[in-house]
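The residues making up each chain are set out below.
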Amino acid sequence: ALTSLAPWTSGTVATATIGTSATAGTTPGLAQSVAAGMSLISATYSGKTASTTMTVTASVVQSLLITPGNPTIAKGKTLQLGVIATMSDGATPDTSAATWSSGDATKVTVSSTGLITGANVTTVGSPVTITATFGGTPRTTAVTVTAPTLESAAITGTLSAAAGNTSQLTLTGTLSDGNTVPLTASAGWSSSDTTKATVGTAGTATTTPGLVTSVAT
């Protein structure tokens, strides 16, 4: 074999390099692509030269990763997904040009920038597939939507200061999907000074949750 004995050259080193017997630390005949283009690769031995043209195409997507992977969100909540691309030349380019799609927009919607929204609770074991495509390469992740979560709670009602009077307070919760839920009967109520006012609470059979009784002014 003459491969290891021959001097090798690349006509356009900006496109491709080639290992040669004349350069220590390289492997003779091993070509390395650098950038898209064409280069004439030649080997010479005993006064004879052989050549071939090496064509280097643009780098392609080697791997694609969606982050976070297989997320779970509550109904009404949003989550920003991202995509990381690794190219065949090792580069990690900006992926803002990636396109996004949802396998079931009635359950999970996705914006052009990868922002997902839980529209409806998914069936157990049947998450929604979200697809990101970059450089012609698609990648998917599975999104599960759970029941809406409690975001806030508010007390309404007017208190009477007269001793012996009662006032009914109401506790209403707001969920992550924007709906409201009555919490008065299930909430734990307490008074910071029972010598001035008492309040009924859940779990006590003889009281009415949220019912305030003025004891003293």
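The following refers to the structure shown.

Conventions adopted
- Residues numbered from 1 in each chain as written.
- Predicted model: local features only at pLDDT ≥ 70, side-chain atom pairs only at ≥ 80, totals over all residues.
- Heavy atoms only, no water.
- Helix = DSSP H or I, 4+ residues; strand = E, 2+ residues; numbered from the N terminus.
- Polar contact = N/O pair within 3.5 Å; in protein donor to acceptor, adjacent residues only side chain to side chain.
- Contact = heavy atoms within 4.5 Å.
- Patch = residues over 30% accessible without salt bridge, like charges linked within 9 Å, V, L, I, M, F, W, Y side chains within 5 Å.
- Areas by Shrake-Rupley, 256 points an atom, 1.4 Å probe, with all protein chains shown as cover.
- Salt bridge = Lys/Arg side-chain N within 4 Å of Asp/Glu carboxyl O.
- Pairing = 2+ DSSP bridges.
- Axes fitted to C-alpha atoms, helices over the stretch in contact; angles between N-to-C directions.
- Buried < 20%, exposed > 50% of the residue type's maximum accessible area, 1.4 Å probe, protein only.

**Remarks on the side chain of Thr20**
Thought 1: Within the element layout of this structure, Thr20 appears in the loop between strand S2 (16-18) and strand S3 (31-33).
Thought 2: Side-chain polar atoms of Thr20 contact the backbone nitrogen of Trp8, separated by 2.7 Å.
Thought 3: Once residues lying within four places of it in the same chain are set aside, the contact partners of Thr20 are Ala6, Pro7, Trp8, Thr26, Thr27 and Pro28.

**Focus on a nonpolar patch on the surface**
Thought 1: On the surface, Leu2, Leu5 and Tyr45 cluster together into a nonpolar patch covering about 290 Å² of accessible area.
Thought 2: Inspection of the secondary structure puts Leu5 in the segment before strand S1 (8-10).

**Some remarks on the sheet that holds strand S8 (residues 78-80)**
Thought 1: Here we have three strands laid out as an open sheet, ordered S8-S12-S11, and antiparallel in their pairing. In the strand order of this sheet, the two ends are held by S8 and strand S11 (108-110), each with one partner. Within this sheet the neighbouring strands show an average axis-to-axis angle of 20°, counted without direction.
Thought 2: As judged from the three bridges shared by S8 and strand S12 (residues 115-118), these two strands associate in the antiparallel manner.

**Regarding the pattern of salt bridges**
Side-chain pairing between opposite charges can occur once the charged atoms of the two side chains come close.
Thought 1: Within the structure shown, the criterion is met by two salt bridges.
Thought 2: Across the pair Asp177 and Lys75 runs a salt bridge whose closest N-O atoms are separated by 3.5 Å. With a gap of 102 residues between them, Asp177 in the loop between strand S17 (170-175) and strand S18 (180-182) and Lys75 in the loop between strand S7 (72-74) and S8 connect regions that are remote in the sequence.
Thought 3: Salt-bridge contacts for Lys77 lead to Glu151; the nearest nitrogen and oxygen are separated by 3.2 Å. With Lys77 in the loop between S7 and S8 and Glu151 in strand S15 (residues 150-156), this residue pair connects regions lying 74 residues apart in the sequence.
Thought 4: Residue class for Lys77 comes out partly exposed when judged on its relative accessible area of 33%.
Thought 5: Judged by its relative accessible area of 43%, Glu151 is partly exposed.

**A closer look at the pairing of S17**
Thought 1: The side-chain alternation of S17 yields one buried face, formed by Leu171, Gly173 and Leu175, and one unburied face, formed by Thr170, Thr172 and Thr174.
Thought 2: Pairing geometry for S15 and S17, over six bridges, is antiparallel. Residue pairing across strands places Ala154 opposite Thr172, the latter belonging to S17.
Thought 3: When S17 meets S18, the two strands line up antiparallel, connected through three bridges.

Honestly, it's all geometry; don't read function into it.
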